[in-house]
Amino acid sequence: NNPLPTPERLWSLWDYSLTTGEVFSRRTGRLLRGDRNHKGYIRDKVDGVKYFRHRLIWRMMTGEDIGELTIDHDDKIRDNNSWINLSVMTRRDNINKGRDSLGSLYQHGSGWRLDVHLDGIRHRRYYKSYELALQGQEDLTRELGLGKTARHPISISRTSGSCQGSGGFLMV
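Residues numbered from 1 in each chain as written. Predicted model: local features only at pLDDT ≥ 70, side-chain atom pairs only at ≥ 80, totals over all residues. Heavy atoms only, no water.

## Let's talk about the overall build of the protein chain
The criterion, for reference: By definition, any uninterrupted DSSP run of H or I lasting at least four residues is a helix, any uninterrupted run of E lasting at least two residues is a strand, and each is numbered from the N terminus. Residue burial is assigned from relative accessible area. The probe radius is 1.4 Å, only protein chains are included, and a residue is buried under 20% of its type maximum, exposed over 50%, and partly exposed in between. In this description, contact between two residues means that some pair of their heavy atoms is separated by no more than 4.5 Å. Only the protein chains shown count as cover for residues, and the accessible areas themselves come from Shrake-Rupley with a 1.4 Å probe.
Counting its regular elements, the protein chain contains four helices and 13 strands. Residues classed as buried in the protein chain amount to 41% of the 172 residues present. Within the protein chain, contacts between residues separated by at least 24 positions form 46% of all contacts whose residues are at least 6 apart in sequence. A total of about 10,300 Å² of accessible surface is found on the protein chain, and carbon and sulfur atoms cover 48% of it.

Right, dumping it as structure tokens:
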């Protein structure tokens, strides 16, 4: 594993939106898309090395290289890198959190995939929209006798303005 770039280096390259999790090139002002790996996480190349975007954002915002710890996407949407959606935990805690949930929603192509695990069996469904996936999650967990589920993600509306942070701009 390569060491993460310094926060100063990252701020010299990027502006970061706290509410949307998007990063923008400081040089061109353009939105940086990065690339998604097979699990749906966004990766970005910095100085010729690929890193997971959520780890780079954590480094930018806190100055910490968390090493073996895991960054969890609280809403389980792996490309939602808004600051409120990221938290640090051990790998074991992250795995246990997933087991305790009543289903995981993932972006899948232009739609959504729902995975619910019960007694070692994975129940997988596909939906065209997030709203349909939420309804499907409720229906499937009720059908499996698991009760109601929490609705994700927390909606954050974009507001105007920005605040300065370590040489880059945090857009809120």
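## Quick notes on the sheet that holds strand 5 (residues 42-46)
Our working rule: Should DSSP find at least two bridges between two strands, the strands are regarded as paired. All axes here are fitted lines through C-alpha atoms, helices being fitted over the stretch that makes contact, and every angle between N-to-C directions spans 0 to 180 degrees.
One open sheet accounts for three strands, arranged 4-5-6; its pairing is antiparallel. Only two strands of the sheet have a single partner each, and these edge strands are strand 4 (35-36) and strand 6 (49-52). Strands in contact with helix 2 (residues 53-62) are strand 5 and strand 6; relative to strand 6, the strand with the most contacts, it is inclined by about 80 degrees.

## Structural notes on the confidence of the model for the protein chain
Basically, it comes down to this: pLDDT measures the predictor's confidence residue by residue and takes values from 0 up to 100.
Residues at a pLDDT of 70 or more form 79% of the protein chain, whose mean pLDDT is 79. Below pLDDT 50 for its whole length, residues 148-172 participates in 61 contacts with residues either more than four positions away or in separate chains.

## Things to note about the sheet that holds strand 11 (residues 121-127)
Across a sheet, paired strands are connected by hydrogen bonds in the backbone, their directions being either parallel or antiparallel. Here we have three strands laid out as an open sheet, ordered 9-10-11, and antiparallel in their pairing. Looking at the sheet topology across the chains shown, the edges are occupied by strand 9 (104-108) and strand 11. Across the sheet, the mean angle separating the axes of adjacent strands is 25 degrees when strand polarity is ignored. Pairing analysis gives five bridges linking strand 9 to strand 10 (residues 111-118), with the strands arranged antiparallel. Considered in strand 10, the bridge of H108 is made with G111. Across the sheet, helix 4 (residues 130-143) touches strand 9, strand 10 and strand 11, and the angle it forms with strand 10 is around 15 degrees.

## As for the pattern of salt bridges
Here is the rule: Salt-bridge detection follows one rule: a side-chain nitrogen of Lys or Arg within 4 Å of a carboxyl oxygen of Asp or Glu.
Counted under the stated rule, the structure contains seven salt bridges. When the shortest N-O distance is used, the salt bridge between D15 and R26 registers 3.2 Å. With D15 in strand 1 (residues 14-17) and R26 in the loop between strand 2 (23-25) and strand 3 (31-32), the pair connects residues that are 11 residues apart, well separated along the chain. Relative accessible area serves as the criterion here: at 32%, R26 is assigned to the partly exposed category.

## A closer look at the pairing of strand 11
Two faces, one strand: in a regular strand the side chains alternate between the faces of the sheet. Note that strand 10 and strand 11 share seven bridges and pair antiparallel. What sits directly across from V116, in strand 11, is H123. Following strand 10, the chain reverses through two residues before pairing antiparallel with strand 11; D119 in that reversal takes a positive phi of roughly 50 degrees.

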